[in-house]
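Each chain, written out:
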Amino acid sequence: MSRSGYTDDCDDPLAEGRWRAAVHRAIQGKRGQAFLREALSVLDAMPEKRLIAKDLVVDGHGEYVYGDGWGFYGEPVIVGADELCDKNGYVKAMGEVCLLGAVGRSRGLDMTALDPHDSESVADALNIADAMAREIVFWNDEGGMSRRVPIPSTAELRAYIWLPETPERRWSRMRAWVVKQIDNADEVQS
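Here is what the cut-offs are and how they apply
Residues numbered from 1 in each chain as written. Predicted model: local features only at pLDDT ≥ 70, side-chain atom pairs only at ≥ 80, totals over all residues. Heavy atoms only, no water. Helix = DSSP H or I, 4+ residues; strand = E, 2+ residues; numbered from the N terminus. Buried < 20%, exposed > 50% of the residue type's maximum accessible area, 1.4 Å probe, protein only. Contact = heavy atoms within 4.5 Å. Areas by Shrake-Rupley, 256 points an atom, 1.4 Å probe, with all protein chains shown as cover. Axes fitted to C-alpha atoms, helices over the stretch in contact; angles between N-to-C directions. Left-handed = near helix turned anticlockwise from the far one by under 90°. Nonpolar A, V, L, I, M, F, W, Y, C, P; charged D, E, K, R; others polar. Patch = residues over 30% accessible without salt bridge, like charges linked within 9 Å, V, L, I, M, F, W, Y side chains within 5 Å. Salt bridge = Lys/Arg side-chain N within 4 Å of Asp/Glu carboxyl O. Lys, Arg positive; Asp, Glu negative; His and termini not counted. Charge placed at Lys NZ, Arg CZ, Asp CG, Glu CD. Expected span 1.5 Å × (residues − 1).

Caption draft 1: Layout of the overall build of the chain. When its secondary structure is counted, the chain shows six helices and five strands. The linear arrangement of helices and strands in the chain, starting from the amino end, is α-α-β-β-β-α-α-α-β-β-α. Relative to its full complement of 190 residues, the chain shows a buried share of 36%. Once local pairs closer than 6 in sequence are excluded, the contacts in the chain between residues at least 24 apart make up 60%. For the chain, the exposed area adds up to about 11500 Å²; of that, 53% sits on carbon and sulfur atoms.

Shown next as structure tokens:
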């Protein structure tokens, strides 16, 4: 299951409809709109326009551990001066954030104490509805497209590798998503 908690096995269209209505109310409500406007200003103020997936903030804790039974559990894999490799092999720089992590950091919240997979505690810390937190996490982590790139050095003509979305592309996509969700989006600078 993803960090958002969303699954593909929803057999009840009424439950799905109720959930989508909860998400809509959370986003369109006074608190949700205030959060989105704050998120937009935080995104625009970021010195490096990059967002990560699957974490709130890269701090060396959590899933940045190496080990497959060889006794290295709990040790972060340091790739560069300020980069870590997560358990899936993705390199992330220390201090990088997802959208929710960016807002939390701008508020001065200690994001290291929060479990990125516990959407209720993240939503409480940011003072937004759980439905909105899950929706933002879904779009942040899973809303982007992977890129299919041919492998030129193989003899097979149809050899491709799937590359994940870049942090810069995720930032652009999430900024556009935030602008789209804000009421009177035409007043917001694009």
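Caption draft 2: Local environment of the packing of helix α5 (residues 130-142) against helix α6 (residues 167-181). Two elements in contact, α5 and α6, have axes whose closest approach is 9 Å; the angle formed by their N-to-C orientations is 145°. As α5 runs across α6, the sense of the crossing is right-handed. Facing E135, I136, W139 and N140 of α5, the residues of α6 in contact are R170, R173, M174 and W177. Looking at the contact of α5 with α6 residue by residue, the classes come out as four nonpolar, one polar and three charged.

Caption draft 3: Representation of the environment of A131 in the model. With respect to the element layout, A131 can be found in helix α5. Classification of A131 as buried rests on a relative accessible area of 9%. With 12 residues separating them along the chain, A131 and S119 place their C-alpha atoms 8.7 Å apart.

Caption draft 4: Spotlight on a negative patch on the surface. On the surface, a cluster of negative charge is contributed by D115, D118, E120 and D124. Structurally, D118 can be placed in the loop between α3 (99-106) and α4 (119-126). Overall, D118 belongs to the partly exposed group, its relative accessible area being 33%.

Caption draft 5: Geometry of helix α2 (residues 30-45). For α2, spanning 16 residues, the distance from its first C-alpha to its last is 23 Å, which sits close to the expected 22 Å at 1.5 Å a residue. For α2, the complete set of buried residues consists of G32, Q33, F35, L36, A39, L40, V42 and L43. Looking at the buried side of α2, the elements it contacts are α1 (13-28), α3, α4, α5 and α6.

Caption draft 6: The side chain of R173, seen in detail. On the secondary structure map, R173 appears in helix α6. Sequence-distant contacts of R173, that is, excluding residues within four places in its chain, are made with W139, N140, G143, G144 and E165.

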